[in-house]
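Descriptive structure summary
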Amino acid sequence: APSPTTDQERMRLTLQDLLLHLHAPRVPKRAIKINYTFGLGVLSTVLFLTLAITGMLLMFVYTPTPDGAYDSMKALRSDIWLGQLVRNIHHWSANLMLILVTLHMLRVFYTAAFHHPREFNWILGLVLLVLVAMSNFTGYLMPWDQLSYWAVTIGTSMIEYIPVFGQDLSDAILGGPEVGAATLRTFFAFHVALFPFLIAVTVSYHLWRVRKDQITLPRDLDEPPPDRRKVERVTTVPHLVNLEIAGGLILLALLFGFSAFVDAPLIEAADPNHPPNPSKAAWYFMGVQELLMHFHPQFVSFVIPVLVGAALLLLPYLDYHPDRAPDVRGIWFRSRRGRRQSALAATIGVVGTVLLVIIDEFWLDLPDVFPNVSTLISNGVIPLVIPLIFLVAYYWLLLRRGATRTEANQALFTLLFMAFITLTVIGQFFRGENMALMYPWDV
């Protein structure tokens with residue numbers, strides 16, 4: 001081919017070469033259906049780049065000290081041209097990225113796209129989700145107002161309950177016994193350097209693994225696995241790239257429009273001596289804070305996260321056995337039976353969680369029922385064992401009624417996920433003064 005003769009042509013070929021390092025030159029046509037991936041991966045990447053750009057702009061005016069941090073927020077709001085808009089874009093991008101990464105993981109799970117050979121990419125996705133959540137959490141402290149100060153205080157207080165080294169770990173993270181100037185410096189370093197670097201490395205490796213393992217091809221119900229050698233393929237440029245650019249531009253337009261009208265929250269400066277009532281964690285940790293209302297802190301900070309984390313990490317290796325179940329990769333919710341079971345499990349998760357919260361709040365106090373038993377048992381082991389017995393029985397019943405293992409795993413995952421979402425909603429909208437239950441319009 002003739003060498004490029006203009007700067008524009010050279011730039012076009014350079015960009016094309018960059019895109020083809022991220023994507024294969026040709027992709028299956030059915031794999032780029034918008035109703036299969038929803039572009040969640042590329043939209044999350046667009047938000048990460050937006051966060052990097054706006055974060056660098058904010059660093060020009062931000063001072064990571066208790067007095068300087070809050071003054072920086074006030075200066076952005078009133079003294080710096082477009083300062084509030086930049087902060088709004090950064091704030092809402094961070095929240096939206098966490099949501100989109102979660103939805104991306106759900107899409108992978110509900111289309112069985114983590115089955116062989118993509119097991120390790122599922123683990124990379126979990127690592128990325130944790131990194132995004134931790135980046136949001138460290139950034140939450142940056143305004144140094146009452147909202148952020150006490151939300152981080154609540155979040156970090158759970159670290160102390162980790163057995164053996166919890167107190168030492170808490171002191172190392174906070175730089176002392178409580179949230180203070182050292183905490184702000186540490187969180188600032190994590191937020192602007194460590195977590196962005198780790199996210200960038202993880203995303204890069206994740207994209208390479210996607211290209212290496214190939215994307216799962218979408219399938220209709222009862223459709224046999226497609227032969228990759230015979231599927232119709234299209235060139236990445238322009239077919240896939242045009243969709244990604246269009247999706248990114250639409251996302252940015254909506255984000256900028258929302259940020260122009262809705263400001264990132266900022267209340268009075270942090271006051272360690274006067275906590276607000278109620279004091280709440282960041283919204284993405286409200287489900288965990290709600291669990292603290294019903295379980296011993298040691299179980300919420302250590303036992304439950306270890307059980308959930310282990311289950312999620314092992315899921316792709318336990319979910320699919322080619323010799324025992326049909327290949328369901330690329331089929332939304334596995335099968336017709338899987339869809340019915342998931343809908344039922346979601347209903348059980350929501351309704352059951354609401355009922356259990358109400359019962360525990362108004363009628364059942366296990367430490368009073370077992371006054372001579374350690375609270376670690378009465379408020380930890382007992383309330384954990386009872387739901388576990390129900391979950392095991394529910395799983396066994398699904399298998400007895402003809403569900404495959406992957407369908408039963410999907411139903412159990414759906415039930416637990418919807419239970420956590422319900423706890424998050426309850427904690428965020430139905431907890432008022434002294435964290436008592438009340439209607440949202442009374443909070």
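The coordinates are above.
This section reports on the structure supplied with the text. (Residues numbered from 1 in each chain as written. Predicted model: local features only at pLDDT ≥ 70, side-chain atom pairs only at ≥ 80, totals over all residues. Heavy atoms only, no water.)

Things to note about the nonpolar core
Counting 46 residues, the largest nonpolar core has M97, L141, W144 and I199 as its most contacted members. Looking at this core, the elements that each hand over two or more residues are α3 (40–59), α4 (66–78), α5 (83–110), α6 (119–140), α7 (146–157), α9 (181–213) and α10 (236–261). Counting 13 residues, the second largest nonpolar core, distinct from the first, contains F114, I123, L126 and F413. (Core = buried A, V, L, I, M, F, W, Y, C linked by side-chain atoms within 4.5 Å. Buried < 20%, exposed > 50% of the residue type's maximum accessible area, 1.4 Å probe, protein only. Helix = DSSP H or I, 4+ residues; strand = E, 2+ residues; numbered from the N terminus.)

Things to note about the packing of helix α13 (residues 336–362) against helix α16 (residues 405–429)
Their axes nearest at 7 Å, the elements α13 and α16 cross at an angle of 35°. In this structure, the crossing between α13 and α16 has a hand that is right-handed. In contact with R337, G338, Q341, S342, A345, A346, I348, G349, V350, T353, V354 and V357 of α13, α16 contributes E407, Q410, A411, T414, L415, M418, A419, T422, L423 and I426. Considered class by class, the residues forming the contact of α13 with α16 number twelve nonpolar, eight polar and two charged. (Axes fitted to C-alpha atoms, helices over the stretch in contact; angles between N-to-C directions. Left-handed = near helix turned anticlockwise from the far one by under 90°. Contact = heavy atoms within 4.5 Å. Nonpolar A, V, L, I, M, F, W, Y, C, P; charged D, E, K, R; others polar.)

Points about unusual backbone geometry
The omega angle of the peptide bond from H116 to P117 is 10°, so this bond is cis rather than trans. Checked against the element boundaries, P117 lands in the loop between α5 and α6. In this structure, the amide linkage connecting V237 to the following residue, P238, adopts the cis form with an omega of 15°. You can see P238 is positioned in helix α10. Phi is positive for A112, which is not a glycine, with a value near 55°. Position of A112 among the secondary structure elements: in the loop between α5 and α6. You can call A112 buried: its relative accessible area is 0%. At D222, a residue that is not glycine, the phi angle is positive and equals roughly 65°. Counting through the fold element by element, D222 comes out in the loop between α9 and β2 (233–235). Among the residues examined, D222 registers a relative accessible area of 64% and is labelled exposed.

A look at the packing of helix α12 (residues 297–318) against helix α15 (residues 375–400)
Helix packing geometry: the angle between the two helix axes and the distance between the axes. Packing of α12 against α15 brings their axes to within 11 Å, and their N-to-C directions diverge by 25°. Taken together, α12 and α15 sit at an angle that is classed as roughly parallel. Considering only the axes of α12 and α15, their crossing is right-handed. Contacts from Q298, F299, V303, I304 and L307 of α12 reach α15 at L376, G380, V381 and L384. (Parallel < 35°, antiparallel > 145°, perpendicular 65-115°, else oblique.)

Thoughts on the environment of G330
Tracing the sequence through the fold places G330 in the loop between α12 and α13. Note: C-alpha distance between G330 and E223 (107 residues apart in sequence) is 10.0 Å. Look past the residues within four positions of G330 in its chain and what remains in contact with it is Y36, T111, T216, L217, P218 and R219.

Thoughts on the packing of aromatic side chains
Think of a pair of aromatic rings as described by two things: how far the centres are apart, and how the planes are tilted against each other in angle. If you walk through the whole model with that rule in mind, you get 23 aromatic pairs. Look at Y62 and F188: their rings are 5.5 Å apart centre to centre, the planes differ by 25°, and that puts the pair in the stacked class. In this pair, Y62 is assigned in the loop between α3 and α4 and F188 in helix α9, connecting sequence segments 126 residues apart. Residue F188 is classed as buried on the basis of its relative accessible area, which comes to 17%. Aromatic side chains F114 and W122 sit 5.1 Å apart centroid to centroid with 40° between the ring planes, which places their arrangement in the tilted category. Neither F114 nor W122 differs from the other in exposure class; each is buried. Three or more aromatic residues link up through ring pairs in this structure, and these residues are F38, F109, Y110, F114, W122, W332, F333, F413 and F417. Across the ring face of Y36, the terminal group of R107 is positioned such that the distance to the ring centre comes to 5.0 Å. Positioned above the aromatic ring of F109 is the side chain of R334, whose terminal nitrogen or guanidinium carbon lies 4.8 Å from the ring centre. (Phe/Tyr/Trp six-rings, centres within 6.5 Å; stacked < 30°, edge-to-face > 60°. Lys NZ or Arg CZ within 6 Å of the ring centre and 35° of its normal.)

Details of the pattern of salt bridges
Here the idea is simple: oppositely charged side chains can pair when their charged atoms come close. Tallying each qualifying case throughout the model produces twelve salt bridges. Here K74 makes a salt bridge to D71, at a shortest N to O gap of 3.9 Å. In this pair, K74 and D71 are both assigned in helix α4, three residues apart and thus about one turn of the helix distant. Using a relative accessible area of 43% as the deciding quantity, one classes D71 as partly exposed. The shortest N-O distance in the salt bridge between E407 and R337 comes to 2.9 Å. Highlighted residues: E407 in helix α16 and R337 in helix α13, separated in sequence by 70 residues. Look at E407 and you get buried, because its relative accessible area is 5%. By relative accessible area, R337 is classed as partly exposed at 29%. Put simply, R219, D327 and R329 are held in one network by salt bridges that share partners. (Salt bridge = Lys/Arg side-chain N within 4 Å of Asp/Glu carboxyl O.)

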